[in-house]
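So you can see what is in the structure, the chains are spelled out below.
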Amino acid sequence: MNPSLSTSPLATKGITMSVLLPLPLLSSYDYWVPFDMAVETGSYVEVPLGARAVTGVVWGMPTGDVGPEKLREISSVIDLPPMPEDLMRFVDWVAKYTLARRGSVLRMTMSVPKAFDPPKMFTAYRVANGIDIKNESLPGGLRLTAARRRVLSVLDGSRLRTAVQIAKAAGTSASVVRGLAAAAILQSITFEERTPIPQPDLELAGKHLTRAQQAVTERLLASLHGGYSVSLIDGVTGSGKTEVYFEAIAATLRAGKQVMVLLPEIALTADWLRRFEARFGVPPVVWHSGLSDAERRRNWRAVVQGDARLLVGARSALMLPFPELGLIVIDEEHDPSFKQEDGVIYNARDMAVARASIGNFSVILASATPSLETMDNVWRGRYRSLSLPARYAGAALPGIAAIDMRTETTHRQCWLSSGLAQMVDETLRNDEQTMLFLNRRGYAPLTVCRACGHQINCPQCTAWLVEHRLHERLECHHCGYFTSPPKTCPSCGVDGQFAACGPGVERLAEEVRNRFPEKKYAVMSSDTVQKPADVQALVRRMENREIDILIGTQIMAKGFHFPSLTLVGVIDADLGLAGGDLRAAERTYQLLHQVAGRAGRAEFPGRVFLQTFQPEHPVMQALVDGDRDKFLAAEAEARRQHQMPPYGRLAAVIVSGRNEIAVDEVANTLGRTAPSDVRISILGPAPAPMAIIRGRHRRRFLVRTPKDRNIQIVLRNWVFAVKPHGGVRVVIDIDPYSFI
């Protein structure tokens, strides 16, 4: 344990303390503590840095890097509870693991600058002690007018109200209230603006649990009281995993601890949050990118002050300063969106386990398709596995079949096979709903000139521009660049020869409209549902049977329950298998399994059809056979043979910059100085598959070491010894998920 992070008593006057600032700094700075100021490790303080003032955290004893004559004083202590010691240790751990700067990690815990501003103060009034409001005369000979009588009658007992509230209730002006206060008839009290946080009702009973759920719940609750532990709720889609971990949440709240639930942001819908509210009587405090600045400030302060007992959020919630955190739940633990790809690069699932280990409390992972990393920890006995193999209330799992597109005949520019189209028609005639899944936004992924073959690419990225016909524009999904579709080819100058190649969900919707003109359809993608309210409106339309065919991308694979949805058709099921992604097969299996799980969740049986050109692929075979464990075992063996995660360590080093020559110089220097060790495999430098993103040229190294080798030390001794120049940036990604 770092001695500088041990809990310390109030610092004596006239000493120095180190302060870590939320800036890209490797270490903390020393400051004098003024004689009239008391600080402790973890105190939030304001300090001078150059000509500006910066909020930081007292990190412990001084570093001694600067002589005392050069030190400046801490300006002020911010009136907030100090940062919890286990969070400080976690900041240091994350920085060391990810090779990020400590100040950059700290900044994630202080992501709401306005939360450190002095709170807004209000003045409220009540009747002063000893004043009899029934007496016709007031102290000081003040005459009791009708307006004053109404003001006094509004203030019953010791209830506090602001001048505006009193005046409105009494039907008079605020000046009458202030006049009574000036005459000492009313007592004024100044208080901090603090929106009350509704507290969970722990007396509410949860839903009736099946025997299987009850057995899992009992084992789960038994693990909560023994300090650090990790439990996996491994349950098929619709098995009631959420209801089980609700009971663990309730038990933790009863023990006086705070609870954090992490969800993929895509799953943070009103329906999902309403399930929490139904179970605990109040909505949870939430944390995601859609909050306003005021909501973020309120919720951050509610966490640090201990008012927020139950918080549900996206991956960034992991860095919030909980003073009494006792449980982290990670639902859909396999989801790749838990990986942070910008700034400090980390996997929230793995970091949550580390935070629980440091804080000595429990973690619950939940998934129908656990990641191979999680399953390997189960096989090793490091994690406990709790199985829910059947759907709730006796609902049957859907049958899954593959449609071999090599033997299918489809009309030109049509994407539904004849077999799937027939199944859709049959489902609609039975007055049931259909979902068509295609994990590709827009109308078409590529636009080509028929005359010369010119492809319309993004000017800032190595990527095609995707046609979005609904918005009448071409868009890059990597940098956000967009433009209107050209009428004339910029290469050959021929007019009207552009053709859309390949399908997106908009194009699939066009085919559905033509094939089933009397049926109602809707498209669900991040282009059509951009706010929680949009998702909620679409879900309500599905529940009210206002939609016959729902067409969408992966956004609709998470947690939605549509009782009348019985058919799921997957268009281009092979889409995720292309490329050199280490986890391509695993991700494709997880995504298609989750999509398939939307079918037949109520009393009507479900069917799933996968349109594929590779029906013999292990992913397709595992889905059709319903044999997940066989697929995972084969995937694990393939990874083990090549010492790939989780059976080896992997890191990516990305060199990028706007000047291609400077990028190559830095990349080549790294290549020449790479460690020569037979146990370390370094591939590169090579242009990244996406060689240019947002105008920055990119070169990549892929570093692989055995499981028992400290890859961070290897990278620190190698990469940190090379100083980039010419605006070049070198980024290290430990445990990479993206290989573009």
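Just so it is clear, the model here is predicted, and its values are computed rather than measured. (Residues numbered from 1 in each chain as written. Predicted model: local features only at pLDDT ≥ 70, side-chain atom pairs only at ≥ 80, totals over all residues. Heavy atoms only, no water.)

1. Notes on the overall build of the protein chain
Inclusion rule: Helix numbers and strand numbers start at the N terminus; a helix is a DSSP run of H or I with at least 4 residues, a strand a run of E with at least 2. Radius of gyration: over C-alpha atoms. The globule rule applied is 2.2 Å multiplied by the number of residues raised to the 0.38 power. In this scheme, a residue with accessible area under 20% of its type's maximum is buried, one over 50% is exposed, and one in between is partly exposed, where area comes from a 1.4 Å probe on protein chains only. Between two residues, a contact is recorded if the distance between any of their heavy atoms is within 4.5 Å. With residues, only the protein chains shown are counted as cover, and all accessible areas are computed by Shrake-Rupley using a 1.4 Å probe. Charged residues are defined narrowly, with Lys and Arg counted positive, Asp and Glu counted negative, and His plus the chain ends left uncounted. Taken as the charge centre is NZ of Lys, CZ of Arg, CG of Asp or CD of Glu, depending on the residue.
Across its full length, the protein chain carries 19 helices and 34 strands. Rg of the C-alpha trace for the protein chain: 30 Å, near the compact-globule value of 27 Å for 740 residues, within the 12% margin. Seen through its principal axes, the protein chain has C-alpha atoms that stretch 100 × 70 × 65 Å. Every one of the 740 residues in the protein chain was classed for burial, and the buried ones make up 53%. In the protein chain, of all internal contacts separated by at least 6 residues, the share reaching a separation of at least 24 is 75%. Looking at the protein chain as shown, the accessible area adds up to about 33,100 Å², and 51% of this sits on carbon and sulfur atoms. Of the side chains in the protein chain, 87 bear a positive and 76 a negative charge, and the two mean positions are spaced by 4 Å.

2. Overview of helix α12 (residues 418–429)
Under the convention used in this document: Expected span, for any helix, means 1.5 Å times one less than how many residues it has. Directions pointing from the helix axis toward each C-beta atom define the arc.
Between its terminal C-alpha atoms α12 stretches 17 Å, which fits the 16 Å expected from 12 residues at 1.5 Å a residue. Within α12 the residues assigned to the buried category are Leu-420, Ala-421, Val-424, Thr-427 and Leu-428. In an axial view of α12, the angular spread of the buried residues amounts to 125°, which keeps them on one side of the axis. With respect to the buried face of α12, the exposed residues turned more than 90 degrees away are Gln-422 and Arg-429. The inward-facing, buried residues of α12 contact β20 (399–404), β21 (433–437), α13 (505–515), β28 (549–552), β29 (565–570) and β30 (607–612). Of the residues one or two after α12, Asp-431 is the one with positive phi, at around 60°.

3. Points about empty space enclosed by the protein
We count it as follows: The distinction between a cavity and a pocket rests on a 1 Å grid over the protein atoms alone: a 1.4 Å probe fits inside a cavity but cannot get out, while a pocket stays open yet meets protein on both sides within 12 Å along at least five of seven lines, and a residue with an atom within 4 Å of a point counts as lining. Grid points are joined across faces, edges and corners, and a volume is the space filled by probe spheres set on the points. Classification used: nonpolar for Ala, Val, Leu, Ile, Met, Phe, Trp, Tyr, Cys and Pro, charged for Asp, Glu, Lys and Arg, polar for all others including Gly.
Under the counting rule described, the total for this entry stands at 3 cavities of 30 Å³ or more. Forming the boundary of the largest cavity are 13 residues, of which Pro-198, Pro-200, Pro-283, Pro-284 and Leu-310 lie nearest the centre. Residues of the lining of the largest cavity, tallied by class, amount to 10 nonpolar, 1 polar and 2 charged.

4. So, the sheet that holds strand β10 (residues 186–192)
Either a parallel or an antiparallel arrangement is found when strands of a sheet pair, and the pairing is made through backbone hydrogen bonds. Stated formally: At least two bridges found by DSSP between two strands is the condition for calling them paired.
The 3 strands are arranged β9-β6-β10 in an open sheet whose pairing can be described as antiparallel. The open sheet has two free edges, formed respectively by β9 (161–162) and β10, since each of these has just one partner strand. Pairing between strand β6 (residues 121–127) and β9: 2 bridges, direction antiparallel. Bridging across to β9, Ala-124 finds its partner in Thr-162.

5. Details of the environment of Ile-249
Looking at where Ile-249 falls in the secondary structure, it is placed in helix α7 (residues 241–254). Each C-alpha atom, one on Ile-249 and one on Gly-657, is 46 Å from the other, the two residues being 408 residues apart in sequence. With residues up to four places along the chain from it excluded, the contact list for Ile-249 reads Val-259, Val-261, Phe-276, Phe-280, Leu-310, Leu-327 and Val-329.

6. A closer look at the sheet that holds β21
The test is simple: Inter-axis angles, ranging from 0 to 180 degrees, are taken between N-to-C directions of lines fitted to C-alpha atoms, where helices are fitted over the stretch in contact.
In spatial order, the strands read β20-β30-β29-β21-β28-β27; together these 6 strands make up an open sheet with parallel pairing. If you trace the sheet from one side to the other, it starts and ends with β20 and β27 (521–524), each paired once. Taking each pair of neighbouring strands and ignoring which way they run, the sheet shows an average axis angle of 20°. Where β27 lies against β28, 4 bridges are found, and the strand directions are parallel. Of the residues in β28, the one forming a bridge with Val-523 is Ile-551. Relative to the sheet, α13 contacts β21, β27 and β28, its axis offset from that of β28 by approximately 160°.

7. Digging into the pairing of β30
Burial of β30 is extensive: 5 of the 6 residues sit out of reach of the surface. The pairing of β20 with β30 spans 6 bridges and is classified as parallel. Directly across from Asp-404, in β30, lies its bridge partner Thr-612. By the bridge criterion, 4 bridges tie β29 to β30 in an arrangement that is parallel. The residue bridging Val-568 from the neighbouring strand is Val-608, located in β30.

8. Thoughts on the packing of helix α15 (residues 584–596) against helix α17 (residues 628–641)
Stated precisely, the cut-off is as follows: Note that the term roughly parallel is reserved for angles under 35 degrees, roughly antiparallel for angles over 145, roughly perpendicular for angles of 65 to 115, and oblique for everything else. By definition, any crossing whose near helix is turned counterclockwise from its far helix by less than a right angle is left-handed, and any crossing with a clockwise turn is right-handed.
Between α15 and α17, the least distance of the axes is 11 Å, while the angle of their chain directions is 165°. Put simply, α15 runs roughly antiparallel to α17. The handedness of the crossing between α15 and α17 is left-handed. Contacts between α15 and α17 involve Ala-585, Glu-586 and Tyr-589 from the first element and Arg-628, Phe-631, Glu-635 and Arg-639 from the second.

9. Details of the environment of Leu-142
One can find Leu-142 in strand β8 (residues 142–143). For the pair formed by Leu-142 and Arg-275, sequence separation is 133 residues and the distance between their alpha carbons is 57 Å. For Leu-142, the contacting residues outside a window of four places in its chain are Arg-148, Leu-180, Ala-183 and Ile-185.

10. With respect to the pattern of salt bridges
Short version of the rule: Salt bridges are counted wherever a side-chain nitrogen of Lys or Arg sits within 4 Å of a carboxyl oxygen of Asp or Glu.
One pass over the full model with this rule turns up 31 salt bridges. With a shortest N-O distance of 2.9 Å, Arg-349 and Asp-350 are connected by a salt bridge. Residue Arg-679 is joined to Asp-708 by a salt bridge in which the shortest nitrogen-to-oxygen separation is 2.9 Å. Here the residue Arg-679 occupies a position in the loop between α18 (660–672) and β32 (681–693), and Asp-708 occupies one in the loop between β33 (696–706) and α19 (711–719), the gap between them amounting to 29 residues.

11. Thoughts on the nonpolar core
Selection criterion: We call a set of buried residues a nonpolar core when its members are Ala, Val, Leu, Ile, Met, Phe, Trp, Tyr or Cys and they connect through side-chain atoms within 4.5 Å of each other.
Ranked by size, the top nonpolar core spans 129 residues in total, and within it Tyr-44, Tyr-245, Ile-249, Val-261, Trp-300 and Leu-318 carry the most contacts. Here this core takes 8 residues from α7, the largest share from any one element.

12. Quick notes on the pairing of β32
Note that β32 and β33 share 7 bridges and pair antiparallel. The residue bridging Ala-686 from the neighbouring strand is Arg-700, located in β33. Connecting β32 to the antiparallel partner β33 that follows it, the hairpin turn spans 2 residues, and Arg-694 within it adopts a positive phi of roughly 55°.

13. What about the packing of helix α6 (residues 211–223) against α7?
Between α6 and α7, the least distance of the axes is 9 Å, while the angle of their chain directions is 35°. Between α6 and α7 lies a crossing of right-handed hand. Residues Gln-213, Val-216, Thr-217, Leu-220 and Leu-221 of α6 form the contact with α7, whose own contacting residues are Glu-243, Val-244, Tyr-245, Glu-247, Ala-248 and Ala-251. A class-by-class count of the residues in the contact of α6 with α7 yields 7 nonpolar, 2 polar and 2 charged.

14. Some words on the packing of aromatic side chains
The cut-off we apply is this: Any two of the Phe, Tyr and Trp rings considered here, Trp counted by its six-membered ring, make a pair once their centres fall within 6.5 Å; the pair's planes then place it as stacked at under 30 degrees, edge-to-face at over 60, or tilted in between.
Taken as a whole and assessed by the stated rule, the structure comprises 9 aromatic pairs. Ring plane angle 10° and centroid distance 5.1 Å describe the contact between Trp-93 and Tyr-97, whose orientation is recorded as stacked. Of this pair, Trp-93 and Tyr-97 both sit in helix α1 (residues 85–98), 4 residues apart, which is roughly one turn of the helix. Here the aromatic rings of Phe-246 and Phe-280 are separated by 5.6 Å at their centres, their planes lie at 75°, and the arrangement is edge-to-face. One end of the pair, Phe-246, is in helix α7; the other, Phe-280, is in helix α8 (residues 270–280), with 34 residues separating them in the sequence.

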